[in-house]
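Read off the chains here:
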Amino acid sequence: MRVGFVGLGAMGEHMARNLHKAGLLSAVWNRTPGKAQSLSAELGVPATATLAELAARVDAVVSCVSADADVLEVTNALAPGLAAGAVVIDCSTVAADTARRAADVLRPAGAVFLDCPVSGGVEGARDGTLAVMCGGDPEAFERARPVLQAMGRTVTLFGPVGSGQAAKATNQIMCAGIIEAVAEAMAFARAQGLPLEKLIDTLGKGAGSSWYFVHRAPNMVRGAYPAGFRVRLHAKDLTICRDMAARFGVSLPVVERMLGEYAELIARGHGDEDISATFRLKAELFEPADGKPRS
Ligand code: NAP
């Protein structure tokens, strides 16, 4: 299978490299052409001038762009070049409705859309260990499986188009609740005067532990939040969760609380920090900057 890659960002560049290692990568395209040109020169894979040109060279396209409007823009631009039976595998995190709209764009050309958002962060993209949550036609999914397995360790089809995004939204709600609990607990522990590194070591093996506790509580001890999963990206994902829940007339408390916390962090200039920066606000519950406790 010849595969083209679109969107060589923090995630996409690693994913494209893993496709190349698997012998699948046939062409690359990026909105800012310099990124595609340097990867092209390094890997010896052509960088096309347009998305339609990339589409015409391949059997499958993997895209990993930012948000809903970007996925629709890219899909519309790919459509004229795609052959019947070609598969577009979109790994961006967007709304399930956007995935269904993108599938509608491709249907007249006989091309197929799979929504395949990923979890595992930049580390997972680099190591090829992403969890990939898919929605779409089962036969197209089976054809795409080798491509997905070159980028991820766990590859699961959940149902029709949009199901992958629904599974990813579920994951993002869990991340919100867990990072909030970890930040709150760490602020509490610090106020108790506990030795925090020893605490992470011990509680990291206990029932309340999680990936976020083990890997991100140390950021809270150091007071440094280098971009792993950016606050503004998680806020985007939680807005998707909010909209999906609103269709049922439901407002989700964890989602609403974390959207509030992220809005505050973004307003203070911390939107590009890792979501463990939530600790900044939780610490203020105990040590308010203005002397007044936050509620
Ligand atoms: P990123 O570093 O900001 O990269 C975004 C990529 O999308 C860039 O290549 C950008 O092109 C391209 N792009 C954006 N809008 C576009 C448009 N309208 N047309 C064409 N290309 C466009 O983002 P990322 O961290 O790789 O994340 C990509 C997606 O994966 C997002 O949906 C994110 O939520 C999801 N995700 C991220 C993580 C993570 O830990 N970072 C984890 C799981 C899932 P330019 O180079 O021209 O800007």
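If you're wondering where the values come from, they're calculated on a predicted model, not measured in any experiment. (Residues numbered from 1 in each chain as written. Predicted model: local features only at pLDDT ≥ 70, side-chain atom pairs only at ≥ 80, totals over all residues. Heavy atoms only, no water.)

*Asks:* Tell me about the domain arrangement of the protein chain, and name the residues and values.
*Replies:* With domains assigned, the protein chain is organised as domain 1 (3–160) and domain 2 (166–290). Using only C-alpha atoms to locate each centre, domain 1 and domain 2 end up separated by 29 Å. Contacts between domain 1 and domain 2 engage 15 residues on the former and ten residues on the latter. For the domain 1 and domain 2 pair, buried surface summed over both sides reaches about 930 Å², with 58% attributable to carbon and sulfur atoms. In this structure, Asp 97 and Arg 247 form a salt bridge, with 2.3 Å as the shortest nitrogen-oxygen distance. Counting every contact that joins domain 1 to domain 2 gives five residue pairs in polar contact (both at pLDDT 80 or more). If you list the elements that add at least two residues to the side of domain 1 that touches domain 2, you get α5 (96–106), β6 (118–119) and α6 (121–127). Of the residues belonging to the side of domain 1 that touches domain 2, the class tally is nine nonpolar, three polar and three charged. (Domains from an automatic or database assignment. Contact = heavy atoms within 4.5 Å. Buried area = accessible area lost by both parts, 1.4 Å probe. Salt bridge = Lys/Arg side-chain N within 4 Å of Asp/Glu carboxyl O. Polar contact = N/O pair within 3.5 Å; in protein donor to acceptor, adjacent residues only side chain to side chain. Helix = DSSP H or I, 4+ residues; strand = E, 2+ residues; numbered from the N terminus. Nonpolar A, V, L, I, M, F, W, Y, C, P; charged D, E, K, R; others polar.)

*Asks:* Outline the packing of helix α1 (residues 12–21) against helix α7 (residues 138–151), listing residues and values.
*Replies:* α7 packs onto α1 with a crossing angle of 120° between their chain directions and a minimal axis gap of 8 Å. In terms of crossing hand, the pair formed by α1 and α7 is right-handed. In this structure, α1 contributes Met 15, Asn 18 and Leu 19 to the contact, and α7 contributes Val 147, Ala 150 and Met 151. Looking at side-chain class alone, the contact of α1 with α7 contains five nonpolar, one polar and no charged residues. (Axes fitted to C-alpha atoms, helices over the stretch in contact; angles between N-to-C directions. Left-handed = near helix turned anticlockwise from the far one by under 90°.)

*Asks:* Could you give an account of the packing of aromatic side chains, with specific residues and numbers?
*Replies:* Scanning the model with the defined rule gives one aromatic pair in all. For the ring pair Trp 211 and Tyr 212, a centre distance of 5.2 Å and an interplane angle of 85° mean the geometry is edge-to-face. Assessed through its relative accessible area of 11%, Tyr 212 is described here as buried. (Phe/Tyr/Trp six-rings, centres within 6.5 Å; stacked < 30°, edge-to-face > 60°. Buried < 20%, exposed > 50% of the residue type's maximum accessible area, 1.4 Å probe, protein only.)

*Asks:* Could you give an account of the side chain of Lys 282, naming the residues involved and the relevant values?
*Replies:* Mapped onto the elements of the fold, Lys 282 is located in helix α13 (residues 278–286). Here the side chain of Lys 282 touches Glu 180 through a polar contact of 3.0 Å, side chain to side chain. Ignoring any residue separated from it by four or fewer positions in sequence, one finds Lys 282 in contact with Glu 180, Ala 183, Glu 184, Ala 187 and Glu 261.

*Asks:* Describe in detail the state of the cysteines, supporting the description with residues and values.
*Replies:* Under the counting rule described, the total for this entry stands at zero disulfides. Free of any disulfide, Cys 116 has its nearest neighbouring cysteine sulfur in Cys 134, separated by 3.6 Å. (Disulfide = S-S within 2.5 Å.)

*Asks:* Please set out α5 residue by residue, giving values where relevant.
*Replies:* Looking at α5, one finds that the buried residues are Ala 96, Thr 98, Ala 99, Ala 102, Ala 103 and Leu 106. Down the axis of α5, the smallest arc covering the buried residues is 155°, so these residues share one side. Where the residues of α5 are buried, they touch α4 (68–78), β4 (87–90), β5 (112–115), α8 (163–191) and α11 (231–246). (Arc of directions from axis to C-beta.)

*Asks:* Explain the pattern of salt bridges to me, and be specific about the residues and the numbers.
*Replies:* Inspection of every chain in the model, using the stated rule, returns 22 salt bridges. Across the pair Asp 104 and Arg 107 runs a salt bridge, and its minimum N-O distance is 2.6 Å. The class for Asp 104 is partly exposed, based on a relative accessible area of 42%.

*Asks:* Tell me about the pairing of β4, and please be specific about residues and values.
*Replies:* Of the two faces of β4, the one carrying Val 87 and Ile 89 and the one carrying Val 88 and Asp 90 are both buried. As paired elements, strand β3 (residues 60–63) and β4 share four bridges and run parallel to each other. Within β4, the residue paired with Ser 63 across the bridge is Asp 90. For the handedness criterion, the β-α-β arrangement of β3, α4 and β4 is classed as right-handed. Inspection of the sheet shows β4 paired to β5 by four bridges, in the parallel sense. (Pairing = 2+ DSSP bridges. Right-handed = clockwise from strand over helix to strand, strands pointing away.)

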